[in-house]
Amino acid sequence: MEKKNNKSNNKKMLIGIIIGCLILIFIVILLLKGCSPKVYEVNFDTNGGSKTNNVKINENSKIEKPDDPTKDGYIFEGWYYNGKLFDFNTKIDKNITLEARWREASTLHIGDLSLKVNGTGTLEILSLPEGLSKEDLVFTSSDETIATVNELGLVTALKLGTVTITVKSKTGNYSASCTVKVLEDVVEVESISINGRSTVNVGSKIKLTVKYSPENAANQSVKWEVDKLDIASIDSDGNVTGLKAGTVVVTATTSNGKTATKKITIKDSTTQASPTNPETPSAETPQPQVSAVGVTGITISGDNQVAVGSNITLVATINPDNATDKSLTWESSDNNIASVNNNGVVTGKSAGTVTITVRASNGVSANYTVTVYKVAATYVLHLQGIPTEGISDIYDYKFWITKDGVVFNDYLGFKINNHDYSKATDSSNNKITSVHIEANNVATITLSNRTKETMLVQFD
């Protein structure tokens, strides 16, 4: 009986030990679970932008800011949570979703360009986002051995080939690109003159030749013409044959339309001069008359670039040098870009390209291409004209000043057309009343340290 009770007690003891072990294991599991960090998920909603992977992170840890997503036609403004810009220094204590916020981007677009080797051209900005100026742009070339580009968008062609010019805003928010093709340098004929004798006897021939400017011009061929075919004839090689006594005008025309003329006298070889006393000319003996020498060609030399507000002087060389009438007139194809006076002084007015033409009194002319570029100013006076109600041609001007693109307030005043304007002209909205201001004028700003610096006036 006693043995039976012992067995029963042992069995109960074993069951108690097993239950105790199970309870201990359960407690240990609970403790281990309590010691493990919680893990949360951070989701990224790009709202139509490029994909950004979600991340899992331990409780009270910080997440690393991912690369900004992209979206065509939009600019990424940041990751937002509950309507506020998310601070990536925030410790995560729950599952969250961050949303990308975008704003629509205006377009930046530049036009393609073709140049000849050693030629230059300024890139055309076809569209510019609001609030962005040309001074805010940075230009780069994909291959500077073919073509280079400066900070003003002026491209210089170096050798045959094609490059991509990329333009970006200094902030990096906008970019565009264009193709620049550098073509074979074909030197065009700028002017010609006719060389050779100016007299020929009836029944005889003289040969006329052409001098080309520049000497290395391509397509050095001309078409010959004579105005009176009954007095003289001329063949395709410039050989003039006298047919009867008289005078003719020979014209040579190049393939690109440049012309030159020469007066030829045809003499009757059978006519004998009456004997005369060399010291006392006979009244019947015709006296030699000086014929007018016409301008046959003009060449222009000088710089082919000028800054806005600056001048260059072009020089015109007349052929032949002994031309009787050397008066010239100058003109510009666009006086809004550059003007020229009758001394050949070209004044740059706005960025662009113009053709300067010089013309002799007999109609012979020459053309010259000039590029006008804008020089960025350190200090810029921005003006916004506001029409004055009821008064024509009178404007109020709101103004503000920037230094290297940043709003600048540390000045005492400025001067336009010798009129002084203080900083406090109108403290409420910075307004100048009824002042006439020419585009591209030069203003003077007086800084707080009493020094003076010049800057270009810029209209918005």
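Residues numbered from 1 in each chain as written. Predicted model: local features only at pLDDT ≥ 70, side-chain atom pairs only at ≥ 80, totals over all residues. Heavy atoms only, no water.

## A look at unusual backbone geometry
1) Next: The peptide bond linking S213 to P214 adopts the cis configuration, its omega dihedral lying at -5°.
2) Next: Considering the arrangement of structural elements, one finds P214 in the loop between strand 18 (209–213) and strand 19 (222–226).
3) Next: Cis geometry is found at the peptide bond from N319 to P320, where omega equals -5°.
4) Next: With respect to the helices and strands, P320 occurs in the loop between strand 27 (315–319) and strand 28 (328–332).
5) Next: The residue N47 is not glycine, and still its phi comes out positive at about 50°.
6) Next: Residue placement: N47 occurs in the loop between strand 1 (39–45) and strand 2 (55–58).
7) Next: Residue N47 is classed as partly exposed on the basis of its relative accessible area, which comes to 34%.
8) Next: A positive phi angle is found at N118, which is not glycine, with a value near 75°.
9) Next: Relative to the assigned elements, N118 resides in the loop between strand 7 (113–116) and strand 8 (120–122).
10) Next: Overall, N118 belongs to the exposed group, its relative accessible area being 59%. (Helix = DSSP H or I, 4+ residues; strand = E, 2+ residues; numbered from the N terminus. Buried < 20%, exposed > 50% of the residue type's maximum accessible area, 1.4 Å probe, protein only.)

## Brief notes about a nonpolar patch on the surface
1) Next: Taken together, the side chains of L14, I18, L22, I25 and I29 make up a nonpolar region of the molecular surface, amounting to roughly 490 Å² of accessible area.
2) Next: Examined against the element boundaries, L14 turns out to sit in helix 1 (residues 2–35). (Patch = residues over 30% accessible without salt bridge, like charges linked within 9 Å, V, L, I, M, F, W, Y side chains within 5 Å. Areas by Shrake-Rupley, 256 points an atom, 1.4 Å probe, with all protein chains shown as cover. Salt bridge = Lys/Arg side-chain N within 4 Å of Asp/Glu carboxyl O.)

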